[in-house]
Amino acid sequence: DGGITQSPKYLFRKEGQNVTLSCEQNLNHDAMYWYRQDPGQGLRLIYYSQIVNDFQKGDIAEGYSVSREKKESFPLTVTSAQKNPTAFYLCASSNTGLGGANVLTFGAGSRLTVL
Amino acid sequence: AQSVTQPDIHITVSEGASLELRCNYSYGATPYLFWYVQSPGQGLQLLLKYFSGDTLVQGIKGFEAEFKRSQSSFNLRKPSVHWSDAAEYFCAVGGLMNIGFQKLVFGTGTRLLVSP
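The model shown is predicted, which means the values in this text are computed figures rather than measured ones.

Reading guide: rules and limits
Residues numbered from 1 in each chain as written. Chains lettered and ligands numbered in written order. Predicted model: local features only at pLDDT ≥ 70, side-chain atom pairs only at ≥ 80, totals over all residues. Heavy atoms only, no water. Pairing = 2+ DSSP bridges. Helix = DSSP H or I, 4+ residues; strand = E, 2+ residues; numbered from the N terminus. Axes fitted to C-alpha atoms, helices over the stretch in contact; angles between N-to-C directions. Core = buried A, V, L, I, M, F, W, Y, C linked by side-chain atoms within 4.5 Å. Buried < 20%, exposed > 50% of the residue type's maximum accessible area, 1.4 Å probe, protein only. Contact = heavy atoms within 4.5 Å. Disulfide = S-S within 2.5 Å.

Caption draft 1: The sheet that holds strand S7 (residues 64–66) of chain A, seen in detail. Residue and element names in this part refer to chain A. Strand order in the open sheet made by the 4 strands is S1-S3-S8-S7, with antiparallel pairing throughout. Two strands close off the open sheet at either side, each with one partner strand: strand S1 (4–7) and S7. Across this sheet, the average inter-strand angle for adjacent strands is 20 degrees, counted without regard to direction. By the bridge criterion, 4 bridges tie S1 to strand S3 (residues 19–25) in an arrangement that is antiparallel. Directly across from Thr 5, in S3, lies its bridge partner Glu 24.

See the structure below:
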């Protein structure tokens, strides 16, 4: 079945370390997204990519980096510059097309805890 | 800029009772509206969406929502709640960043508890 795979499910990090969260999709979707979820704050967009080798900052990109070398993959690196990285991270993908009426498919998420 | 308000943080409903979750949005043009559901520790699943046309939309798991432009609302309803409906529900509104692309803004969510 097609879907989005995020790994690892749980990740612990010491302060000052960079960590990379993996996101792979086999839905043949052009667009991919990273969201951060904190209790009581909904989902906030970190980065998104509409096409391979191109990506744009979302609302809270500071302290994060991404790459999009393959259509299927959109890894997120949480750098030491991110002041409060403990959160639940969700990857999503969608088709694109005229009209912009796209529907997101989400992965199961990765929970990052900074010790 | 678009925004979404879900005024209820928690709601408790008895199993078999009806449910209505509130969602108000702010957007300068015709919005694209969505309801997603999230089980604990999981990703989000799309329940239903509104793009245009009939303002009453049907979704999965027996849910429906009604778009009311005059009230800027998109409330989610279910006539009879099942214990498996206990989850967190997110309303989202979409707008265009580029032609053919959409940025979603999510509400802060409503946690539904179902009592026996």
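Next comes the rest of the account.
Caption draft 2: Main features of the nonpolar core. All names here are of chain B. Core analysis: the biggest nonpolar cluster contains 27 residues, and Leu 19, Trp 35, Leu 47, Leu 48, Phe 74, Leu 76 and Tyr 89 have the highest contact counts within it. Among the elements of the structure, strand S2 (10–14), strand S3 (19–21), strand S5 (32–38), strand S6 (44–50), strand S8 (64–68), strand S9 (73–78), strand S10 (87–96) and strand S12 (110–115) are those that each provide at least two residues to this core. For this core, the leading source of residues is S10, giving 4 residues. Discounting chain neighbours no more than four positions away, the residues touching Tyr 89 are Gln 6, Leu 21, Trp 35, Tyr 36, Val 37, Leu 47, Phe 63, Leu 76, Gly 109, Thr 110 and Leu 112.

Caption draft 3: Structural context of the state of the cysteines. Residues and elements named next belong to chain A. This structure, assessed with the given rule, holds 2 disulfides over all chains. Across a sulfur-sulfur distance of 1.9 Å, Cys 23 and Cys 91 are joined as a disulfide pair. Every disulfide takes its handedness from the sign of the S-S torsion; for Cys 23 and Cys 91 that torsion is -75 degrees, giving left-handed. Placement of the pair is Cys 23 in strand S3 and Cys 91 in strand S9 (residues 87–94), with a sequence separation of 68 residues. Pair check on accessibility: Cys 23 and Cys 91 agree, each one buried.

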